[in-house]
Amino acid sequence: AAGTEICSSQKTKSFRISKVEEVQDINLFCHTTANKPAVRLENTELGIEYHLYVNNTDYESYTANSVGATIEFKPIDVPTSAFATVYVLAVEPNTTGCELKMSKEFNISPLHATVVSENISCHGRLDGKFTGSYQGGVGLPNSINHKLINKKTNLEEPISSSVILGAAQYEYVVTDSVGCNFTVP
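Residues numbered from 1 in each chain as written. Predicted model: local features only at pLDDT ≥ 70, side-chain atom pairs only at ≥ 80, totals over all residues. Heavy atoms only, no water.

**Q** Just checking my understanding: could you explain the sheet that holds strand S5 (residues 36–41) for this structure?
**A** Backbone hydrogen bonds are what pair the strands of a sheet, in a parallel or an antiparallel way. Pairing in this open sheet of 3 strands is antiparallel, and the strands run S4-S5-S8 from one edge to the other. Two strands bound the open sheet, and with one partner strand each, they are strand S4 (26–31) and strand S8 (71–72). As defined by bridge partners, S5 adjoins S8 across 2 bridges and the pair is classed as antiparallel. Among the inter-strand pairings, Arg40 is bridged to a residue of S8, identified as Glu72. (Pairing = 2+ DSSP bridges. Helix = DSSP H or I, 4+ residues; strand = E, 2+ residues; numbered from the N terminus.)

Okay, here's the thing in C-alpha cells:
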C-alpha cells in the first residue's frame, strides 16, 4: 500500500504531502542464524537513505554506497505483533530537505506453537493423542506449514484436528511463509 510523504525544511518550516510509490524490490525473509523475519531490499540507488521502522520507531537505516546493491536489515525481534514499514528517502547533500520516494508496509508476528499430547495407555496400543496449534508467523494462515515428524522413523505423520499415534518420540514443526520455524519436541 502506498504511503504519504511528509518532509520538513528547517529553513522554511514548510511541509509537502503527496502520494508515495510502494517499494518494489523488497521482501521479507527468514534470517537463518536468528530464525527471525528480516527485510531485504534489492537494487538500491547510490546515496539514498533506506530506513526500517518497526512499530513507528526507527529500527535501522542504511545509506546505499553503490547502485544495485542489496541491503539486509537486522532480524526483527519483537515479543508480540509488529508493524514494519520501510521508507526510502532521498536526502539532498548539504541541506536539511528530504523527499520520501517510496514505502512498503509489513505485519510481523512471532511464530509460536503448542502441543497437547496424551501417551499410549499400554505397550503396543495405538491410542496416543496429539493436538498441535500455532499462532503468529509471517504470511497468511493458509501459507503456514505444520507437520508432525516421527523421530523413530523420521517420517511425517498426517495431521488432522486430533491425531491418534503409536509409541514413539514426535516433533511438531511449524514453518511460516518466509521460512522461519518453531519446533516443539
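**Q** Is there a simple way to think about the nonpolar core in this case?
**A** One recurring pattern in soluble globular proteins is that nonpolar side chains are buried together. Core analysis: the largest hydrophobic core is formed by 22 residues, its most contacted members being Val39, Leu52, Ile76, Phe106 and Ile108. Those elements giving two or more residues to this core turn out to be S4, S5, strand S6 (49–54), strand S9 (82–91) and strand S10 (98–108). Excluding residues that lie within four positions of it along the chain, Ile108 makes contacts with Leu28, Pro37, Ile76, Thr80, Ser81, Ala82, Ala84 and Val138. Core analysis: the second largest hydrophobic core is formed by 11 residues, Ala113, Ile144, Leu165 and Tyr172 among them. (Core = buried A, V, L, I, M, F, W, Y, C linked by side-chain atoms within 4.5 Å. Buried < 20%, exposed > 50% of the residue type's maximum accessible area, 1.4 Å probe, protein only. Contact = heavy atoms within 4.5 Å.)

**Q** Sorry, what's going on with the state of the cysteines here?
**A** The tally for this structure, following the rule as stated, stands at 1 disulfide. Shown here is the disulfide that connects Cys30 with Cys180, its sulfur atoms set 2.2 Å apart. Sign of the S-S torsion, about 110° for the bond between Cys30 and Cys180, identifies this disulfide as right-handed. You can see Cys30 sitting in strand S4 and its partner Cys180 sitting in the loop between strand S16 (170–175) and strand S17 (181–184), a full 150 residues away along the chain. For Cys30, a relative accessible area of 11% translates into the label buried. (Disulfide = S-S within 2.5 Å.)

**Q** How do you make sense of the packing of aromatic side chains when you look at a structure like this?
**A** Aromatic rings considered in pairs are described by the distance between their centres and by the relative angle of their planes. Overall, the coordinates contain 2 aromatic pairs when judged by the stated rule. Residues Tyr62 and Phe73 carry aromatic rings whose centres are separated by 5.4 Å and whose planes lie at 55° to one another, so their mutual orientation is tilted. Taken together, the residues Tyr62 in strand S7 (residues 57–63) and Phe73 in the loop between S8 and S9 connect sequence positions 11 residues apart. Residue Tyr62 is classed as partly exposed on the basis of its relative accessible area of 32%. For Phe73, a relative accessible area of 1% corresponds to the buried category. A cation sits over an aromatic face here: Arg40 above Phe29, 3.9 Å from the ring centre. (Phe/Tyr/Trp six-rings, centres within 6.5 Å; stacked < 30°, edge-to-face > 60°. Lys NZ or Arg CZ within 6 Å of the ring centre and 35° of its normal.)

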